[in-house]
Amino acid sequence: MTCLEPRLLVVDDNEDNRYTLRQRLKRQGYTNVEAATNGREALDLLRQGEFDLVLLDVMMPEMNGYEVLEQLKADPRRRDIPVIMISALDQLESVIRCVELGAEDYLPKPFNPTLLAARVGASLEKKRLRDELRASLSRLEKELEAARRLQASMLPREFPARTEQQPVDLHALMQPAREVGGDLYDFFYPAPDRLCFLVADVSGKGADAAMFMARTRSLVRMAVELLHEVGATDVAPHRVLNTVNRELCQNNREKMFVSVFMGVLDVGTGELAFANAGHPPPCRIGIGRRIERLSSTPQPPLGIRPATCYTTSAFQLEVADTLFVCTDGVSEAANAAQEMYGDERLQALLASSSDSDAQAVVMQVKDAIDAFAAGAPPADDVTMLALRWRPSAGARWAALGSAQPADRVVVAAVDGERFEQAAHLEQLSHLAHDTAENQLRGSSFCFVRCDQQGPERRARQVDDLLQVHQDTGLARAEQGAQAIHELLRVGAVDAACKGHDAHVALLCFLDLQRTFCHDRPRVPSSTVW
């Protein structure tokens, strides 16, 4: 619509009515006025060009005013064109029906010049305001889309592949409830053997939360970099959060805050150092459908009290463990009945994903909450990060120090009370596969399953239960069996079993060129798994 020359359409099957109405409109300054003799002709004109107002007669042949109005309002491109119905005074019920169908106003016959000017002017002014509002909304949508793309570009979207040196499989997802959100995930390697990662949730939603989120991410990265510049040998999560918290508390007039879970993983040993600032504790997914929460001392979110001192906790990941960190938008996802997804459903789903890689875990959770919500609008941002630690056998040997495989015996015990028997085989198969890949010369892979019923009985059973898989063909199975016998006899297995009455899986890398049949061989000080 142009403010100086709006375009009007008069639709009436009576020629006298069309002429009279056009002349009166011209006297009021509306010079761009076209006419149609019936409903079909009017719809053709509306499809060919843009009009700012339609004056539509109710009773017409071929297609009456009701049908024209219904088709006009069903067209998404033209439904907002204001329509004034033209009707005789005795057709008031028809006018009411047209208003219910979406007509802007009505004009009785014969035409009153003052009433005509008032209603035409009011209808055009409403359309002008609607057009301005629509243009403003369009500009806002474009700006929000640009902000959404900018926010997405701040989060890592390239997930590094698992390698021998960095054996971590990682994937993450952030899905805002609005165009932009206040959730955050990030990960990076401040050192080749350290993976730093975090998941955060800013109070509130929308643009203000997105700005606070961007500030939080930048401060975390700057704090980690600063620690390295001052010569810190390791990145302690509590030191990073202490620094970021003090900065976020400054000039925080809106009283915003952010919950953060930050972890630093030693990719060689699986040792995890983490700090939790008011965030939901993550889940550790172990082989055999085991789910464990990483609990720590409750501490407040960042941005509340500048003097808060955060603490670092430690946790040891096992081979093929997956760590799943998410915001409360996952468990609090709601369906149309306002029922929340909840922690029980989440943990059951994670337990069923114990064999999956990081990306599969994230996508399975996303698909599950989407299906649960069933189209209900999201109430909160949804963010999740999963990482799986899968070191190779060679990397585990390197973690023992400078010693070579031929110099060590490494025993791994898996507590049967915590794992199902199938889980034993599954976890050990990962290590067997890695061993075959690395082809550790001078070593063999020995897998023993035995009942914990005392060293003597286990020693009698070991010949039947022992399976030795040689990777070089140089080792002798007899020496491997003797080594297992001796370790069982001196009680090295008992300490690893922790006293549980359950099946135990033992994984041994053995130097089969060395004799272990001494009266009491030295049990190796470095024991892994």
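Residues numbered from 1 in each chain as written. Predicted model: local features only at pLDDT ≥ 70, side-chain atom pairs only at ≥ 80, totals over all residues. Heavy atoms only, no water.

## Points about the pattern of salt bridges
Link 1 in the chain: Scanning all chains against the criterion turns up 27 salt bridges.
Link 2 in the chain: Among the ionic pairs, Arg-128 bridges to Glu-132, the shortest N-O distance being 2.7 Å. Taken as a pair, Arg-128 and Glu-132 lie in helix H5 (residues 113–154) at a separation of 4 residues, close to a single helical turn.
Link 3 in the chain: The partner of Arg-217 in a salt bridge is Asp-186, with the nearest N and O atoms 3.7 Å apart. Here Arg-217, found in helix H6 (residues 207–229), pairs with Asp-186, found in strand S7 (residues 183–191); they are 31 residues apart in sequence, far enough to count as distant. (Salt bridge = Lys/Arg side-chain N within 4 Å of Asp/Glu carboxyl O. Helix = DSSP H or I, 4+ residues; strand = E, 2+ residues; numbered from the N terminus.)

## So, the side chain of Ser-354
Link 1 in the chain: Checked against the element boundaries, Ser-354 lands in the loop between helix H9 (342–352) and helix H10 (358–373).
Link 2 in the chain: Overall, the relative accessible area of 4% leaves Ser-354 in the buried class.
Link 3 in the chain: The residues touching Ser-354, leaving out its near neighbours within four places in the chain, are Ile-285, Gly-286, Ile-287, Gly-288, Arg-289 and Arg-388. (Buried < 20%, exposed > 50% of the residue type's maximum accessible area, 1.4 Å probe, protein only. Contact = heavy atoms within 4.5 Å.)

## What about the sheet that holds strand S4 (residues 83–88)?
Link 1 in the chain: Spatially, 5 strands are ordered S2-S1-S3-S4-S5 in an open sheet, and the strand pairing comes out parallel. Two strands close off the open sheet at either side, each with one partner strand: strand S2 (33–36) and strand S5 (105–109). Across the sheet, the mean angle from the axis of one strand to that of its neighbour is 20°, orientation sign disregarded.
Link 2 in the chain: Bridge analysis of strand S3 (residues 53–57) against S4 gives 4 bridges, and the strand direction is parallel. (Pairing = 2+ DSSP bridges. Axes fitted to C-alpha atoms, helices over the stretch in contact; angles between N-to-C directions.)

## Some details on the layout of surface pockets
Link 1 in the chain: Considered as a void within the structure, the second largest pocket measures approximately 300 Å³ in volume.
Link 2 in the chain: Around the second largest pocket, the lining is made up of 18 residues, and of these Ala-333, Ala-334, Pro-377, Pro-378 and Ala-379 lie nearest the centre.
Link 3 in the chain: Examining the composition of the lining of the second largest pocket, we find that 3 residues originate from one element, H10, more than from any other.
Link 4 in the chain: Along the lines of polarity and charge, the residues of the lining of the second largest pocket split into 10 nonpolar, 5 polar and 3 charged. (1 Å grid on protein atoms, 1.4 Å probe; cavity = no way out; pocket = protein on both sides within 12 Å on 5 of 7 lines; lining within 4 Å. Points joined across faces, edges and corners; volume = space filled by probe spheres on them. Nonpolar A, V, L, I, M, F, W, Y, C, P; charged D, E, K, R; others polar.)

## Some details on a nonpolar patch on the surface
Link 1 in the chain: Residues Leu-133, Leu-137 and Leu-140 make up a contiguous nonpolar surface patch of about 280 Å² in total accessible area.
Link 2 in the chain: Structurally, Leu-140 can be placed in helix H5.
Link 3 in the chain: Under the relative-accessibility criterion, Leu-140 is labelled partly exposed at 41%. (Patch = residues over 30% accessible without salt bridge, like charges linked within 9 Å, V, L, I, M, F, W, Y side chains within 5 Å. Areas by Shrake-Rupley, 256 points an atom, 1.4 Å probe, with all protein chains shown as cover.)

## Some points on the environment of Leu-241
Link 1 in the chain: Assignment of secondary structure puts Leu-241 in helix H7 (residues 237–249).
Link 2 in the chain: Between the alpha carbons of Leu-241 and Ala-277 there is a distance of 8.0 Å; along the sequence they are 36 residues apart.

## Description of the pairing of strand S15 (residues 382–389)
Successive residues of a regular strand alternate their side chains across the two faces of the sheet.
Link 1 in the chain: Here S15 lies mainly inside the structure; 8 of its 8 residues are buried.
Link 2 in the chain: Of the strand pairs in this sheet, strand S6 (residues 168–175) and S15 are connected by 8 bridges, and their pairing is antiparallel. Directly across from Leu-173, in S15, lies its bridge partner Met-384.
Link 3 in the chain: With 5 bridges joining them, strand S14 (residues 322–326) and S15 adopt antiparallel strand pairing. Among the inter-strand pairings, Thr-322 is bridged to a residue of S15, identified as Arg-388.

## Looking at the pairing of S7
Link 1 in the chain: Burial of S7 is extensive: 7 of the 9 residues sit out of reach of the surface.
Link 2 in the chain: Relative to strand S8 (residues 194–202), S7 is paired through 7 bridges, and the arrangement is antiparallel. By the bridge assignment for S8, Tyr-185 is matched with Val-199.

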